[in-house]
Amino acid sequence: MRNVKVIQHSIVIQAPVAQLWQRMFDPQLYREWIAAFCEGSYYQGHWQQGETIRFLDPNGNGMVAKIVEYRPLEFISVSHLGFVYAGQDDLDSAEVTSWAPAYENFYFTSRGDSTELRVEQEIAPVYEDFMQQAWPNALQKLKTLAER
């Protein structure tokens with residue numbers, strides 16, 4: 001049985017949805033805002049429905065996921081499937097099966113000249129404190145990127 005908690009964060013960004021979307025997923029700009037979780041982090045793969053994507057730290061360790069739903073400028077659902085260690089995907093260890101799959105959903109809502117971004121994420125309870133602190137920092141960095 002999966003043991004996950006659901007956390008939610010949102011922010012209003014003074015930029016149109018298309019601008020926020022572009023800056024959020026641009027490979028170089030992504031590195032800037034995701035640094036709130038781990039300095040030097042990046043992704044490998046494509047933000048397209050059905051694609052496998054890896055979220056990695058500077059040592060190449062991190063998480064492997066699948067984009068389960070992709071509606072441009074509206075919604076993305078990412079299913080985290082396991083860990084990546086030393087270039088190998090771990091999809092079935094006891095540590096992974098205790099929480100996987102865990103969903104991370106991004107909702108984009110146009111508010112005139114602004115955009116509300118809401119993040120809803122399932123996480124293993126052991127990561128809750130870290131994620132509750134990191135998400136507000138990440139969203140603030142993203143806001144700065146999108147508004148400039």
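The paragraphs below set out a description of the structure included in this document.

Procedures and definitions
- Along every chain, residues carry numbers that run from 1 in the direction the sequence is written.
- Predicted model: local features are reported for residues with pLDDT of at least 70 only, side-chain atom pairs are reported and counted for 80 or more only, and whole-chain, interface and lining totals are derived from all residues.
- Note: side-chain values were computed over all heavy atoms of the structure, leaving out hydrogens and water.
- Classification of ring pairs rests on two measures: the distance between centres of Phe, Tyr or Trp rings, Trp counted by its six-membered ring, which must be within 6.5 Å, and the angle between planes, read as stacked under 30 degrees, edge-to-face over 60 and tilted in between.
- Strands are runs of DSSP state E lasting at least two residues, helices are runs of H or I lasting at least four, and both sets are numbered from the N terminus onward.
- To sort residues, take the accessible area from a 1.4 Å probe on protein chains only and compare it with the maximum for the residue type: under 20% means buried, over 50% means exposed, and anything in between is partly exposed.
- Two conditions define a charge located above a ring, namely a distance within 6 Å from the ring centre to NZ of Lys or CZ of Arg, and an angle within 35 degrees of the ring normal.
- Axis lines are fitted through C-alpha atoms, for helices just across the contact stretch, and the angle between N-to-C directions can take any value from 0 to 180 degrees.
- For this classification, under 35 degrees means roughly parallel, over 145 means roughly antiparallel, 65 to 115 means roughly perpendicular, and everything else is oblique.
- The criterion used for residue contact is that any of the two residues' heavy atoms lie within 4.5 Å.
- Nonpolar residues are Ala, Val, Leu, Ile, Met, Phe, Trp, Tyr, Cys and Pro. Charged residues are Asp, Glu, Lys and Arg, and all others, Gly as well, are polar.
- By nonpolar core we mean a set of buried residues, namely Ala, Val, Leu, Ile, Met, Phe, Trp, Tyr and Cys, connected to one another through side-chain atoms within 4.5 Å.
- Think of a 1 Å grid over the protein atoms and nothing else: a 1.4 Å probe that fits but is trapped marks a cavity, an open set flanked by protein within 12 Å on at least five of seven lines marks a pocket, and residues with an atom within 4 Å of a point count as lining.
- Grid points are joined across faces, edges and corners, and a volume is the space filled by probe spheres set on the points.
- A pair is scored as a salt bridge if a Lys or Arg side-chain nitrogen falls within 4 Å of a carboxyl oxygen belonging to Asp or Glu.
- Strands are treated as partners if at least two bridges between them are detected by DSSP.

**So, the packing of aromatic side chains**
Here comes step 1: For the coordinates displayed, the defined rule picks out 17 aromatic pairs.
Here comes step 2: Ring geometry for Phe-25 against Trp-47: centres 4.5 Å apart, planes inclined by 50 degrees, an arrangement best described as tilted. Of the two residues, Phe-25 is situated in helix H1 (residues 17-25) and Trp-47 in the loop between strand E2 (42-45) and strand E3 (52-56); the sequence distance between them amounts to 22 residues.
Here comes step 3: Classification of Phe-25 by relative accessible area gives buried; the value is 9%.
Here comes step 4: Residues Trp-47 and Phe-55 carry aromatic rings whose centres are separated by 5.8 Å and whose planes lie at 55 degrees to one another, so their mutual orientation is tilted. Comparing Trp-47 with Phe-55, the two get one shared label, buried.
Here comes step 5: A cation sits over an aromatic face here: Arg-118 above Tyr-107, 4.0 Å from the ring centre.

**Brief notes about the packing of H1 against helix H2 (residues 27-34)**
Here comes step 1: For the pair H1 and H2, interaxial distance at closest approach is 5 Å and the crossing angle is 85 degrees. What the angle tells us is that H1 and H2 run roughly perpendicular. Here Arg-23, Met-24 and Phe-25 of H1 lie close against H2, whose contacting residues are Pro-27, Leu-29, Tyr-30 and Trp-33.
Here comes step 2: When the residues that make up the contact of H1 with H2 are grouped by side-chain class, the tally is six nonpolar, no polar and one charged.

**Overview of the nonpolar core**
Here comes step 1: Counting 37 residues, the largest nonpolar core has Trp-33, Trp-47, Ile-76, Phe-106, Phe-108, Leu-117 and Trp-135 as its most contacted members.
Here comes step 2: For this core, the element with the most residues is helix H4 (residues 128-147), which contributes eight residues.
Here comes step 3: If we skip the residues at most four places from it in the chain, Phe-108 touches Val-17, Leu-20, Trp-21, Met-24, Phe-25, Leu-73, Glu-74, Phe-75, Thr-115, Glu-116 and Leu-117.
Here comes step 4: In this structure, Phe-83, Trp-99, Ala-102 and Ala-124 belong to the second largest nonpolar core, which totals six residues.

**Structural notes on the layout of surface pockets**
Here comes step 1: The volume enclosed by the largest pocket comes to roughly 700 Å³.
Here comes step 2: Surrounding the largest pocket, 30 residues form its lining, Phe-37, Phe-55, Met-63, His-80 and Met-131 being those nearest its centre.
Here comes step 3: Of all the secondary structure elements, the ones that give two or more residues to the lining of the largest pocket are H2, E3, strand E4 (62-71), strand E5 (75-85), strand E7 (102-111), strand E8 (114-123) and H4.
Here comes step 4: Among the residues forming the lining of the largest pocket, the class breakdown is 22 nonpolar, five polar and three charged.

**Let's talk about the pattern of salt bridges**
Here comes step 1: Enumeration according to the criterion identifies nine salt bridges in this entry.
Here comes step 2: With a shortest N-O distance of 3.3 Å, Glu-74 and Arg-71 are connected by a salt bridge.
Here comes step 3: Using a relative accessible area of 44% as the deciding quantity, one classes Glu-74 as partly exposed.
Here comes step 4: Between Glu-147 and Lys-143 there is a salt bridge, with its nearest N and O atoms 2.8 Å apart. On the criterion of helical spacing, the pair formed by Glu-147 and Lys-143 is a turn pair, its members being four residues apart in helix H4.
Here comes step 5: Residue Lys-143 is classed as buried on the basis of its relative accessible area, which comes to 17%.
Here comes step 6: What emerges from the salt-bridge pattern is a single network uniting Glu-69, Arg-71 and Glu-74.

**A closer look at the pairing of E3**
Here comes step 1: Alignment of E2 against E3, held across four bridges, turns out to be antiparallel. The partner of Tyr-42 across the bridge, within E3, is Leu-56.
Here comes step 2: Counted between consecutive antiparallel strands, the loop separating E2 from E3 contains six residues, among which Gly-50 sits at a positive phi close to 90 degrees.
Here comes step 3: Bridging between E3 and E4 involves five bridges; their strand directions are antiparallel. From the neighbouring strand, Phe-55 faces E4, where its bridge partner is Met-63.
Here comes step 4: Adjacent in sequence and paired antiparallel, E3 and E4 are bridged by five residues, among which Gly-60 carries a positive phi angle near 85 degrees.

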